[in-house]
Amino acid sequence: MHGEPSPPPAAPTLFDWEFAANPYPAYAWLRTHSPVHRTRLPSGVEAWLVTRYADARRALADPRLSKNPAHHDEPAHARGRTGIPGERKAELMTHLLNIDPPDHTRLRRLVSTAFTPRRVAEFAPRVQELTDRLIDGFAARGEADLIHEFAFPLPIYAICDLLGVPREDQDDFRDWAGMMIRHGKGPRGGVARSVKKMRGYLAELIHRKREELPAEAAPGEDLVSGLIRASDEGEHLTENEVAAMAFILLFAGFETTVNLIGNGTHALLTHPEQRARLQDSLAAGDMGLLETGVEELLRFDGPVELATWRFATRPLTLGGQDIAPGEAVLVVLAAADRDPERFAEPDVLDLMRRDNQHLGYGHGIHYCLGAPLARLEGRTALATLLTRLPDLRLAVDSTELRWRGGLIMRGLRTLPVEFAPVPN
C-alpha cells in the first residue's frame, strides 16, 4: 500500500550559534528545497536569502536590486538594522556599499586609482614588513592567538598606511576597529560609538591634509590626499564623501582580510594534506599553488558569508519566487560557492582547483574594490606563517573554536595555535 508522499524535512534553524559554527549543511538544504527563501532575521527584518550560484550571480548584477536603503519598505526605524550601526547618525551613508549609479560610478572611478595592480604591487614590501613584524612579536613564545595577534592587526595597519593615517594614530584605529568586530561582546552601543569616534578623527585628518596638500601629487600619495585632490569633470568630492569613502575602505577592507587569514589558516590546519602540499610548493619557490590556493580558501570558507543588503526597486522573479518592490534580498555567497551545480565536489578543499569563479568578492558593479589588496595580504600572511612556523598546529580541538556572531561576515573569535619557538 502506498501512502501519501513524505513531506520534505523541516527547514533548518538559521542564525543561531550552532548554525554559525557550520552553516554549510543548512545552506545545502536551502539550495535543494528553498533556493530563494524568505526568513525573519535575528534583527526582526524580513529578507529573501538567495543560495544557488546561478541565482546569486544574477542577483548580484541585477540593476533592479538597489544598494540604497531608502528603497527598503520597512519603517524608517528598521533601516538602521540593515547596515553598519551608527553610520547614518555619523553622516557616513554616502559610500560605495549604499549607493547606485550614477553616484556609485563617479565615486568608484575616483577611488579605484588606489587599487590598481601597480599601486598594490608597490605596497607589497610594506605588507611583508608588517607581516614579519607581527610574527616576530610571538615567534619566540611558541604559542599565539592568530586572530588578535596577527590576522586582525595586519590589515588594520596596512589600510591605515594606504589611507595616510599617521603611525602614531594607528593604534587608535586598531581599538575602534576591534570594537566593530566584537558583534555584541563589547559594551552596548560600542560599535556606534566607535563609528562616531572614527568619523570625528577622519574629519580632522581630512581638514589637516587639505591644508597641507602640495600642489603636485607625489608618487604613491596616500588615499585620503588623493581623494581630496580627486576631481571628476571639475567636481570635487564633498568632505562627507571623502570621510564616508575612507570609513568604508577601512570597515570593508579590514574585517574581510581578518577573516580571509583566519578562516584560511583554520582550513589549512584542519586539512593537513593540502597544507603539506602548499608548504612543499613554497619551499620549492613555486608561488602557483599559493595563488590558486587562496582562491580556493575564499570559495571553501570565505570571509563574507552574505553579500551586503540589496532592495528591490521593481517587481522581479528570482529562483521561481516573486519579489516585490521594497523587499530586502541577501545573496548567500557561502551557499553559492558550494553549489554542486557549479563546483565539482564543492565540500572538498582542493588548493589546485582551476575552474574557480567563486563569488567571494561579489560580482558586477559592486565587485570588491579592495580585492587585489586583500589577496596580496592573504597570500603574504599565509605564505609567511607556513614558512616561518612550519610545524604550526591548533592548540585546541577545532570543535572548541567559536565563530563571531553577525549576519554578513564569517570569522573566528580566536585561533589559538602552538609551534616550536623560533628565536628572533
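Coordinates for the structure precede this section.
Residues numbered from 1 in each chain as written. Predicted model: local features only at pLDDT ≥ 70, side-chain atom pairs only at ≥ 80, totals over all residues. Heavy atoms only, no water.

**As for the overall build of the protein chain**
Secondary structure summary: the protein chain contains 16 helices and 12 strands in total. Expressed as a percentage of its 424 residues, the buried residues of the protein chain come to 54%. For the protein chain, long-range pairs separated by at least 24 residues make up 72% of all intrachain contacts whose partners lie at least 6 apart in sequence. Total accessible area on the protein chain stands at roughly 19000 Å², and carbon and sulfur atoms take up 53% of it. (Helix = DSSP H or I, 4+ residues; strand = E, 2+ residues; numbered from the N terminus. Buried < 20%, exposed > 50% of the residue type's maximum accessible area, 1.4 Å probe, protein only. Contact = heavy atoms within 4.5 Å. Areas by Shrake-Rupley, 256 points an atom, 1.4 Å probe, with all protein chains shown as cover.)

**Considering helix H2 (residues 24–33)**
Inspection of H2 places Tyr24, Ala26, Tyr27, Trp29, Leu30 and Arg31 among the buried residues, and these make up the whole buried set. Looking at the buried side of H2, the elements it contacts are helix H1 (17–21), strand E1 (36–40), strand E2 (46–50), helix H14 (288–300) and helix H15 (333–336).

**What to know about the sheet that holds strand E3 (residues 65–66)**
If you trace the five strands from one edge of the open sheet to the other, you get E1-E2-E10-E7-E3, paired in mixed fashion. Edge positions in the sheet fall to E1 and E3, since each has one partner strand and no second. Across the sheet, helix H3 (residues 53–60) lies against E1, E2, E3, strand E7 (310–312) and strand E10 (328–331), angled at about 125° from E10, the strand it touches most. (Pairing = 2+ DSSP bridges. Axes fitted to C-alpha atoms, helices over the stretch in contact; angles between N-to-C directions.)

**Brief notes about the environment of Thr308**
Along the polypeptide, Thr308 turns up in the loop between H14 and E7. With a relative accessible area of 25%, Thr308 lands in the partly exposed category. For the pair Thr308 and Lys67, spaced 241 residues apart in sequence, the C-alpha to C-alpha distance is 8.1 Å. Here Lys67 takes part through its side chain, which lies 2.5 Å from a polar atom of the side chain of Thr308. (Polar contact = N/O pair within 3.5 Å; in protein donor to acceptor, adjacent residues only side chain to side chain.)

**Focus: the nonpolar core**
Counting residues in each nonpolar core, the largest one holds 71 residues, and the members touching the most others are Leu146, Phe150 and Phe173. The element best represented in this core is helix H12 (residues 239–269), accounting for 13 residues. Apart from residues lying up to four places away in sequence, Phe150 is in contact with Thr131, Leu134, Ile135, Phe138, Asp145, Ile261, Ala381 and Leu385. One finds Leu41, Ala328, Leu330 and Leu333 within the second-largest nonpolar core, a separate group that totals 41 residues. (Core = buried A, V, L, I, M, F, W, Y, C linked by side-chain atoms within 4.5 Å.)

**Brief notes about the packing of helix H13 (residues 272–283) against helix H16 (residues 371–388)**
Where H13 meets H16, the axes come as close as 10 Å, and the angle between the chain directions of the two elements is 90°. The pairing of H13 with H16 is recorded here as roughly perpendicular in orientation. Counted together, Arg275, Leu278, Gln279 and Leu282 of H13 and Ala383, Leu386 and Thr387 of H16 form the full contact between these two elements. Along the lines of polarity and charge, the residues of the contact of H13 with H16 split into four nonpolar, two polar and one charged. (Parallel < 35°, antiparallel > 145°, perpendicular 65-115°, else oblique. Nonpolar A, V, L, I, M, F, W, Y, C, P; charged D, E, K, R; others polar.)

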